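Observations on the model geometry
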Amino acid sequence: MEHLKVIQGSPEWAAARAKHFCASEAAAALGVSKYTTRAELLRQKATGITPEVTPDQQRLFDRGHAAETAARQLAEAITGEELAPMVATLDVDGLPLLASFDGIDFMGEVLWENKLWSQSLVAQVEAGELEPHYWSQLEHQLMVSGAERVLFTTSDGTGENTRHLWYVSIPERREQVIAAWRQFAADLA
């Protein structure tokens, strides 16, 4: 894993993302994204043209970032570790992978991923099973980092509205993510 010294959201971060297959795009590569189709992701990677963020999307992103910042302390209390944001890359079988971690511990053994509080995610967390839209990102992050597990939270930044589960890689799922990126790379070429 190579740690990139870029700040998430910066122009340098965006440039790095454009050259890599990103954890947040894994669901689209698998064809299970709630937000982007596989064809649209192929178009974006091929042309470098990404859709402009609408004011409504920006407000949602801002809420999510604020919730993440507020929830960091809660996540650190659960893990017992300090969690720092980080961006890293790893080449896996010729696939240029990138992950932007909400948090990773000093030893690189524990990750943290937060999603804005939603009843749908609360139900998934309480059931102990995330949809492919979410687990594909976690599998990608675990692959890039080499970490053992991910603390997945859905939170608005308050203790009252924070639910969590621990996610450990499932080999069959990791293979699905790798196979999806292999096919994506072939189609992109």
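About the thresholds
Residues numbered from 1 in each chain as written. Predicted model: local features only at pLDDT ≥ 70, side-chain atom pairs only at ≥ 80, totals over all residues. Heavy atoms only, no water. Axes fitted to C-alpha atoms, helices over the stretch in contact; angles between N-to-C directions. Helix = DSSP H or I, 4+ residues; strand = E, 2+ residues; numbered from the N terminus. Parallel < 35°, antiparallel > 145°, perpendicular 65-115°, else oblique. Contact = heavy atoms within 4.5 Å. Expected span 1.5 Å × (residues − 1). Bend = angle between axes of the 7 residues up to and from the residue. Phe/Tyr/Trp six-rings, centres within 6.5 Å; stacked < 30°, edge-to-face > 60°. Buried < 20%, exposed > 50% of the residue type's maximum accessible area, 1.4 Å probe, protein only. Lys NZ or Arg CZ within 6 Å of the ring centre and 35° of its normal.

What to know about the packing of helix α6 (residues 132-145) against helix α7 (residues 171-188)
Packing of α6 against α7 leaves a shortest axis separation of 9 Å and a crossing angle of 90 degrees. The pairing of α6 with α7 is recorded here as roughly perpendicular in orientation. Every residue of α7 that contacts α6 at W135, S136, E139, H140, L142 and M143 is listed here: R173, R174, Q176, V177, I178 and W181.

Some details on helix α4 (residues 55-79)
In an α-helix, one turn spans 3.6 residues; hence positions three or four apart end up facing the same way. Between its first and last C-alpha, α4 extends 35 Å over 25 residues, near the 36 Å set by a 1.5 Å rise per residue. Most pronounced at A71, the bend in α4 amounts to some 40 degrees. Buried residues belonging to α4 abut β3 (84-92), β4 (95-104), β5 (110-116), β6 (149-155) and β7 (162-167). Of the residues flanking the end of α4, it is G80, one or two places downstream, whose phi is positive at about 75 degrees.

Things to note about the packing of aromatic side chains
Under the counting rule described, the total for this entry stands at four aromatic pairs. Between W181 and F184, the aromatic rings sit 5.3 Å apart at their centres with planes inclined by 85 degrees, giving edge-to-face as the arrangement. Taken together, the residues span about one helical turn, with W181 and F184 both in helix α7 at a distance of three residues. For the pair formed by W181 and F184, the shared burial category is buried. Clustering of aromatic rings is evident, with ring pairs tying together F21, W181 and F184. Lying across the ring of W166, R149 places its NZ or CZ 3.7 Å from the centre.

Read these as spatial facts, not as claims about activity.
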